[in-house]
Amino acid sequence: MKIKIQTSQDSFRDLRESGSYYIDKTEVIREYLEESFEKAVMFTRPRRFGKSLTMTMFRDFLDIRQDSKDIFDGLKIMNYPNLVKQYMNQYPVVFLSLKEVFGQDFETISENFSLTISNMLKPFEDILEASEINEPDKVIFRKLEYQEANREDTIAALALITSMLHDYYKKPVFVIIDEYDAPMSKAYGTPFYDKVREMIGHMLSFICKTNSNVKSVMLSGCLYTIKNSAYTGVNNIVTYTVLSPLYASAIGFTDENVRMLLADAGLANLYDTVVEWYGGYIFGRERMYCPWDVLSFVKSKQTGSYSEAMGPKGYWLNASETSLNLIHGFLGKTTAANERFEQLLAGNTIVCSVNEYVPYHRIHESGENLWSALVETGYLTKTVTEKMPLMPLKIPNESIKMVFRQEVWNYFNDKVDNVYVRDFVNALWTGEIQTAEAALNQILEATLSFYHEYHEYSYHLILDGFFTGLGYRVQSERETGNGRSDLIIPDPARQRCLLIELKHVKKESEIGVALKEAESLIIIKKKYESELLYEGYTTRIQYAMAFCDKCVLIARAY
């Protein structure tokens, strides 16, 4: 069955009015308003999980200036008539998205912030004619609308409009701020980051502290990056992160949601593929999926754009420059970081403490903060359902694993002439061992430091990144035959593949012995090619590689 899918729609009203497929998440409205109400709340989730759609859903349900019965018709929230009577279109709502507040310098960011505030106010022009609104407020409103207000009034704009709406409607206001941390995310690593953080924190302080004009403040973002601000109102925000059991399934797809979507699309047989490529997350105690990934996959199958030769696609590639910079910023800095990356790429877990409130400016203070930020931004996930002092973490799925591998390539791509990489890879396919060996030695000379404490994972990480950067889908530490192969690199045409086994020694005199061991004992005796033969790879080229510092020997195993 073909269903109408929109992957980029973040307006609840537009999605519903277009007749597009929608997984009903309206239960969270009742959960928040009736069971777990707080004056100031924040939902942190990774990109592409549906935060904006959730925020616009709350807006459209509550907004007194709308009539929303049609767009909520048939959804779960309508099963609660008393709540619907009390809240649906009964409160003034201010909706602010900060996703466009960025720039090359602080002045540009301030101008974009002023423009965003102006656009926020435009829908409320009609209340300026009301006698309930005092004249000084009208004057400031006009200045803000025409972007003529000073910075202090611009930062305090939310306080102004909530006061005006309260005077006009005689009801407290719901304030919804979507992607509140986008300005800080985009300013991360720049000299003006602190100024941006100060500006956003100051804005929030006007409405998150005790304010009789405000019924509730709801925020969405990736990280709770304003914790411990000087503004006491900001510190009162109750935050629900990916570790929180409450609201765990409210944003994103559950396993049940995914099964239903695939069944409705006539693709139930692809459930295991979707789990492998786009599942694997645990939020709170719930198994979760990224809606963007799953919907994009289903849409590709329905539109005929899916390539059977290429297989599933990683839709998160280049999804978040900031998050990718987190990975890029740690590669090569410490042996411990490299080792953990290799463990993750091999499908293993790493164990560390997770700080769910780490701000952007503290991410690179320690390895623990890095892993914590990667958990909050969706590049890692916990593997347990309960919070623990030390939590096992892993890469959630194949899609995100591609992001990690791409970043390894990006890191080494800055240091290595691509000619050497392509010569190395081409030589492996054609069996030109001397050419491959010479090219790889050149690569090692350019990338590794004599002061680095070498391990097998160091070389594993480099090779994994090179093949990924050239578009191959690397299989690392895959169970094959009677053991695990280090690297399997299938050709996209699915007719041939490379199998590579690595060995590392600390003394150059031992490198020859290590090569023989890799060649005869590991590759041949464990029969790594047996499963690949079954999968239809008619050409299976096997290599042993032995490393010592910046030296490598390569042998082909038959």
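For the structure itself, consult the block above.
A. Spotlight on the overall build of the protein chain. Tallying secondary structure elements over the protein chain gives 24 helices and 16 strands in all. Per-residue burial for the protein chain yields a buried fraction of 56% across its 558 residues. By sequence separation, contacts in the protein chain at least 24 residues apart represent 72% of the contacts at least 6 residues apart. Per element, the accessible surface of the protein chain, about 23400 Å² overall, is 47% carbon and sulfur.

B. Representation of the nonpolar core. With 142 residues, the main nonpolar core has Phe61, Phe72, Ile177, Tyr180, Met203, Leu204 and Trp371 as its most contacted residues. Of all the elements, helix 11 (residues 193-208) adds the most residues to this core, at eight residues. Excluding residues within four positions of it along the chain, Phe72 makes contact with Phe12, Arg16, Thr26, Ile29, Met57, Asp60, Phe61, Ile77, Met78 and Met88. Judged by nonpolar contacts, the second largest core, of 30 residues, contains Phe424, Ala439, Leu444 and Ile500.

C. Looking closely at the pattern of salt bridges. The full count for this structure, using the stated rule, is 17 salt bridges. Glu125 serves as the salt-bridge partner of Arg142, at 3.7 Å between the closest nitrogen and oxygen. With Arg142 in helix 7 (residues 135-145) and Glu125 in the loop between helix 6 (106-121) and helix 7, the pair connects residues that are 17 residues apart, well separated along the chain. By relative accessible area, which is 31% here, Arg142 ends up partly exposed. Where Arg285 meets Glu386, a salt bridge forms, and the shortest distance between an N and an O atom there is 2.6 Å. Note that Arg285 is positioned in the loop between strand 7 (281-283) and strand 8 (286-289) and Glu386 in the loop between strand 10 (381-382) and strand 11 (391-394), a separation of 101 residues in sequence. According to the relative accessible area criterion, Glu386 is partly exposed, its value standing at 38%.

D. A look at the packing of helix 7 against helix 9 (residues 157-169). Look at helix 7 against helix 9: their axes get within 11 Å of each other, and the N-to-C directions meet at 130°. With respect to helix 9, the axis of helix 7 lies oblique. Handedness of the helix 7/helix 9 crossing: left-handed. Between helix 7, through Asp137, Ile140, Phe141 and Leu144, and helix 9, the contact on the second element is made entirely by Ala157, Leu160, Ile161, Ser163 and Met164. Residue classes in the contact of helix 7 with helix 9 are distributed as seven nonpolar, one polar and one charged.

E. Examining unusual backbone geometry more closely. Located in the positive-phi region is Arg48, a residue other than glycine, with phi close to 70°. With respect to the helices, strands and loops of the structure, Arg48 is situated in the loop between strand 1 (40-44) and helix 3 (51-62).

F. Just the packing of aromatic side chains, in detail. Scanning the entire structure with this criterion turns up 23 aromatic pairs. For the ring pair Phe49 and Tyr281, a centre distance of 5.3 Å and an interplane angle of 85° mean the geometry is edge-to-face. Here Phe49, found in the loop between strand 1 and helix 3, pairs with Tyr281, found in strand 7; they are 232 residues apart in sequence, far enough to count as distant. Residue Phe49 shares its accessibility class with Tyr281, and that shared class is buried. Centroid distance Phe49 to Phe283: 5.3 Å. Interplanar angle 45°. Geometry classified as tilted. Placement of the pair is Phe49 in the loop between strand 1 and helix 3 and Phe283 in strand 7, with a sequence separation of 234 residues. With relative accessibility at 1%, the residue Phe49 sits in the buried group. The ring of Tyr306 carries Lys301 above its face, with NZ or CZ at 4.1 Å from the centroid.

G. Geometry of helix 14 (residues 271-278). Of the positions making up helix 14, those classed as buried are Tyr271, Val274, Trp277 and Tyr278. With its buried residues spanning 140° around the axis, helix 14 presents them on a single face. Remark: Gly280 follows helix 14 within two positions and exhibits a positive phi of approximately 90°.

H. Layout of the side chain of Thr377. Structurally, Thr377 is set in the loop between helix 18 (367-376) and strand 10. Note on Thr377: relative accessible area 6%, which makes it buried. Side-chain polar atoms of Thr377 contact the backbone oxygen of Ala373, separated by 2.7 Å.

I. How the structure looks around the side chain of Ser11. Its location among the elements puts Ser11 in the segment before helix 1 (12-17). With a relative accessible area of 11%, Ser11 lands in the buried category. At a separation of 3.3 Å, a polar atom in the side chain of Ser11 contacts the main-chain amide nitrogen of Asp14. Residue contacts for Ser11: discarding those within four places in its chain leaves Leu53, Thr56 and Arg59.

J. Examining the pairing of strand 16 (residues 551-557) more closely. The pairing of strand 15 (residues 539-548) with strand 16 spans seven bridges and is antiparallel. Looking at the pairing, Gln542 lines up with Ala557 of strand 16. The antiparallel hairpin formed by strand 15 and strand 16 contains two residues in its connecting segment, where Asp549 sits at a positive phi of about 55°.

K. Inspection of the packing of helix 6 against helix 7 at higher detail. Contact geometry of helix 6 with helix 7 gives a least axis separation of 8 Å together with a crossing angle of 125°. Between helix 6 and helix 7, the interaxial angle falls into the category oblique. Contacts between helix 6 and helix 7 pair Ile117, Ser118 and Leu121 from the former with Phe141, Leu144 and Glu145 from the latter. Class assignment for the residues of the contact of helix 6 with helix 7 results in four nonpolar, one polar and one charged.

L. Structural view of the environment of Leu295. Turning to its location among the elements, Leu295 is positioned in helix 15 (residues 291-303). It is 7.8 Å that separates the C-alpha atoms of Leu295 and Gln6, two residues lying 289 residues apart in sequence. Residues contacting Leu295, with those up to four places away along its chain left out, are Ile5, Gln6, Thr7, Phe253 and Leu261.

Rules and cut-offs
- Residues numbered from 1 in each chain as written.
- Predicted model: local features only at pLDDT ≥ 70, side-chain atom pairs only at ≥ 80, totals over all residues.
- Heavy atoms only, no water.
- Helix = DSSP H or I, 4+ residues; strand = E, 2+ residues; numbered from the N terminus.
- Buried < 20%, exposed > 50% of the residue type's maximum accessible area, 1.4 Å probe, protein only.
- Contact = heavy atoms within 4.5 Å.
- Areas by Shrake-Rupley, 256 points an atom, 1.4 Å probe, with all protein chains shown as cover.
- Core = buried A, V, L, I, M, F, W, Y, C linked by side-chain atoms within 4.5 Å.
- Salt bridge = Lys/Arg side-chain N within 4 Å of Asp/Glu carboxyl O.
- Axes fitted to C-alpha atoms, helices over the stretch in contact; angles between N-to-C directions.
- Parallel < 35°, antiparallel > 145°, perpendicular 65-115°, else oblique.
- Left-handed = near helix turned anticlockwise from the far one by under 90°.
- Nonpolar A, V, L, I, M, F, W, Y, C, P; charged D, E, K, R; others polar.
- Phe/Tyr/Trp six-rings, centres within 6.5 Å; stacked < 30°, edge-to-face > 60°.
- Lys NZ or Arg CZ within 6 Å of the ring centre and 35° of its normal.
- Arc of directions from axis to C-beta.
- Polar contact = N/O pair within 3.5 Å; in protein donor to acceptor, adjacent residues only side chain to side chain.
- Pairing = 2+ DSSP bridges.

Just distances and angles here, no functional claims.
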